[in-house]
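Breakdown of the fold
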Amino acid sequence: MAETAQKSPRISFVSLGCPKALVDSERIVTRLRAEGYELTKTHAGADLVIVNTCGFLDSAKAESLKAIGDALAENGKVVVTGCMGAEPDQITAAHPGVLAITGPQQYESVLTAVHAAVPPQHDPFLDLVPDQGVKLTPRHYAYLKISEGCSNRCTFCIIPKLRGDLVSRPAGEVLREAEKLVKAGVKELLVISQDTSAYGQDLRYAPSLWKRADGEKEVATRFLDLAAALGELGAWVRLHYVYPYPHVDAVMDLMAAGKVLPYLDIPFQHASPSVLRRMKRPAAQEKTLARIQAWREKVPDLTLRSTFIVGFPGETEAEFQELLDFLDAAEIDRAGAFKFEPVAGAPANALENPVPDEVKAERYDRFMRTQQVVSARRLKRKVGTRQQVIIDSVTPFGGIGRTKGDAPEIDGTVKVSARRPLRVGEIATVKIEASGPYDLSGTAVGF
Ligand code: SF4
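Everything numeric in this text was worked out from a predicted model, so none of it was measured.

Section: the environment of Val373
Note that Val373 resides in helix H12 (residues 357-380). Along the sequence, Val373 and Leu189 sit 184 residues apart, while their C-alpha atoms lie 30 Å from each other.

Structure below.
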């Protein structure tokens, strides 16, 4: 009866930061929904606001502090979690009124703080959570986090300090989650971690059981074995944050066989060996250019995406030029750049010869111009070909989608014209008719 029904407590959730933080958000939201909390899109009228912060760069910290301030002003009851929660003093100094602060992946502490502020009113018959959890990404793609933390010690990064050393999820657990997602309609799995190719090192690649309808299988907790097993699920599998360790070569066979997407997101960060040494990057000595050429021989439609830092302390003009030459020679299809920004607590801040801001800005512009030329050149080759395109949104003329070479949110799109209405999540065959610097357009010719 309406008058006796209890109103579910309402939570407004702000998720800032990278895809890894988004996965944390999804886990918290799933737990909240299971306990009977409702989510609202606005702070006003919510019983509480949770802000999942990003604390990687100073600019991200500023954005996080602003989001906390906005939530306090609009609502008043705020719980803070995420990377910035590892440094609570900065948050309390700016916003003493927050109810609780917890660090990254401290799901239990977030829930405890929420329970203290707004007790749950659980009704197991009403509060059903879909089997695959609550995804903050659209239903047709989902991020699959395979490990937490990182055992590398790149000098510009404080993630190991914030999140600790690598802790891998056993392969069986990852595969069960992936299987549920696919059963629930997810068409594309985006594999993420801090260092995907190191997956399983901490567990000495221990095998774990994966129960499938067709029987039990042992799968080693190892990059290649996991990629191969994910490739059996029938969804697109996209690999992010892969470092070019020698064993990555073997994943090309899976790509050539169509088991995982011909796409690698490798955050190279630089190409000059001396800068990479100062950065203490993993797998920096692996003759990258020759390896990429060999990969492309095996997988001609391989798309490489990467991120780079320009203006790292001590970066000379010659070292920067090495980076531009690498972009061009390796034909890095998609690349993002960051101007080096000191992150509080990172060893790189103490390195000699910081690069002046105006030099950083000038190098950033040159980087982006070079990258645009490479990107346009790579995309032009696709004109006249037929590509599988996953539809992300529909429009009056057809839809907007992505090829196998485009990850959501960070890469390019395809504007698709179609004679019949398209559906979000469907994969259409599209004849590519035109290309620009970053995007493509074409006509759907098959479904
Ligand atoms: S690989 Fe380097 S940049 Fe990436 S999380 Fe680990 S320490 Fe940070």
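Points about the pairing of strand E9 (residues 188-192)
Within E9, 5 of the 5 residues are buried, which leaves the element mostly enclosed by the surrounding structure. Residue alternation in E9 divides its side chains into two sets, Glu188, Leu190 and Ile192 and Leu189 and Val191, and both sets are buried. Bridge analysis of strand E6 (residues 141-145) against E9 gives 5 bridges, and the strand direction is parallel. Paired with Tyr143 across the strands is Leu190, a residue of E9. In terms of strand pairing, E9 meets strand E12 (residues 236-239) through 4 bridges, oriented parallel. Among the inter-strand pairings, Glu188 is bridged to a residue of E12, identified as Trp236.

So, the sheet that holds strand E19 (residues 427-435)
Strand pairing in a sheet relies on backbone hydrogen bonds, with the paired strands running either antiparallel or parallel. Taken in spatial order, the 5 strands of this closed barrel run E16-E17-E18-E20-E19, and their pairing is mixed. For this sheet, the mean angle separating the axes of adjacent strands, direction not counted, is 50°. In terms of strand pairing, strand E18 (residues 414-417) meets strand E20 (residues 440-446) through 4 bridges, oriented parallel. Residue pairing for E20: Val414 is matched across the bridge by Leu440.

Remarks on helix H2 (residues 58-74)
For H2, which comprises 17 residues, the first-to-last C-alpha distance of 24 Å matches the rise-based estimate of 24 Å (1.5 Å per residue) to within 8%. Taken as a whole, H2 has its buried residues at Ala60, Lys61, Ser64, Ala67, Ile68 and Ala71. Seen from one end, H2 has its buried residues packed into an arc of 120°, which puts them on one side. In H2, the exposed positions angled more than 90 degrees off the buried face are occupied by Asp58, Ser59, Ala62, Lys66 and Ala73. Taken together, the buried residues of H2 touch strand E1 (10-15), strand E3 (48-53), strand E4 (78-82) and helix H3 (88-94).

Considerations on the packing of helix H11 (residues 317-329) against H12
Two numbers describe how H11 lies on H12: the axes approach to 9 Å, and their chain directions differ by 15°. Judged by the inter-axis angle, H11 sits roughly parallel to H12. Here H11 runs over H12; the crossing is right-handed. Contact with H11, carried on its side by Phe320, Leu324, Leu327 and Asp328, involves Arg363, Arg366, Phe367, Thr370, Gln371 and Val374 of H12 and no other residues of that element. In the contact of H11 with H12, the residues fall into 5 nonpolar, 2 polar and 3 charged.

A word on the UniProt feature "binding site: [4Fe-4S] cluster 2" (unreviewed entry) in the protein
Taking the UniProt record as the reference, the feature "binding site: [4Fe-4S] cluster 2" (unreviewed entry) is found at Cys150, Cys154 and Cys157. Its location among the elements puts Cys150 in the loop between strand E7 (147-148) and helix H5 (159-163). Residue Cys150 is classed as buried on the basis of its 23 C-beta neighbours within 10 Å. What Cys150 contacts, discounting residues up to four positions off in sequence, is Ile159, Pro160, Arg163, Leu166, Gln194 and Asp195.

Structural notes on the confidence of the model for the protein
In this model, the protein carries an average pLDDT of 89, and 95% of its residues clear a pLDDT of 70 or more. Between residues 1-5, whose pLDDT stays under 50, and residues either more than four places distant or in other chains, the model counts 0 contacts.

Section: the site of the ligand
Taken together, Cys150, Asn152, Arg153, Cys154, Cys157, Ile159, Pro160, Gln194, Asp195 and Pro282 are the residues near the ligand. Grouping the amino acids of the shell around the ligand by side-chain chemistry returns 6 nonpolar, 2 polar and 2 charged.

Focus: unusual backbone geometry
In terms of backbone geometry, most residues other than glycine have negative phi values and most peptide bonds are trans. A positive phi is found at Tyr241, a non-glycine position, where the angle reads about 55°. Following the sequence through the fold, Tyr241 ends up in the loop between E12 and helix H8 (251-256). At Lys280, a position not held by glycine, the phi torsion is positive, near 55°. Along the polypeptide, Lys280 turns up in the loop between helix H9 (273-279) and helix H10 (288-298). Owing to 15 C-beta atoms within 10 Å, Lys280 belongs among the partly exposed residues under this scheme.

Regarding the nonpolar core
Counting residues in hydrophobic clusters, the biggest one holds 117 residues, and the most contacted among them are Leu144, Leu189, Leu226, Ala227 and Val237. If we skip the residues at most four places from it in the chain, Leu189 touches Ala142, Leu144, Ala178, Leu181, Leu230, Ala235, Trp236 and Val237.

Description of the sheet that holds E3
If you walk across this open sheet you meet the 5 strands as E2-E1-E3-E4-E5, and the pairing is parallel. Every other strand in the sheet has two partners, leaving strand E2 (38-40) and strand E5 (100-101) as the edge strands with one partner each. Here 5 bridges tie E3 to E4, and the two strands are oriented parallel to one another. Following the sheet pairing, Val49 is matched in E4 by Val78. Sitting on the sheet, H2 touches E1, E3 and E4, and the angle it makes with E3 is about 180°. Running over the sheet, helix H4 (residues 107-117) touches E3, E4 and E5 and is turned about 175° from E4.

Regarding the domain arrangement of the protein
For the protein, the domain assignment lists domain 1 (10-117), domain 2 (141-380) and domain 3 (386-446). Look at where the C-alpha atoms of domain 1 and domain 2 centre, and you get two points 28 Å apart. Contact residues are listed per partner, giving 13 residues for domain 1 and 9 residues for domain 2. Each residue belonging to the side of domain 1 that touches domain 2 can be placed in one class, and the counts come to 8 nonpolar, 3 polar and 2 charged.

Rules and cut-offs
Residues numbered from 1 in each chain as written. Predicted model: local features only at pLDDT ≥ 70, side-chain atom pairs only at ≥ 80, totals over all residues. Helix = DSSP H or I, 4+ residues; strand = E, 2+ residues; numbered from the N terminus. Buried ≥ 20, exposed ≤ 12 C-beta atoms within 10 Å, placed from the backbone. Pairing = 2+ DSSP bridges. Axes fitted to C-alpha atoms, helices over the stretch in contact; angles between N-to-C directions. Expected span 1.5 Å × (residues − 1). Arc of directions from axis to C-beta. Contact = placed C-beta atoms within 7 Å. Parallel < 35°, antiparallel > 145°, perpendicular 65-115°, else oblique. Left-handed = near helix turned anticlockwise from the far one by under 90°. Nonpolar A, V, L, I, M, F, W, Y, C, P; charged D, E, K, R; others polar. UniProt positions renumbered as here; feature names shortened; annotations may be inferred. pLDDT = per-residue confidence, 0-100. Near = placed C-beta within 6 Å. Core = buried A, V, L, I, M, F, W, Y, C linked by C-beta atoms within 7 Å. Domains from an automatic or database assignment.

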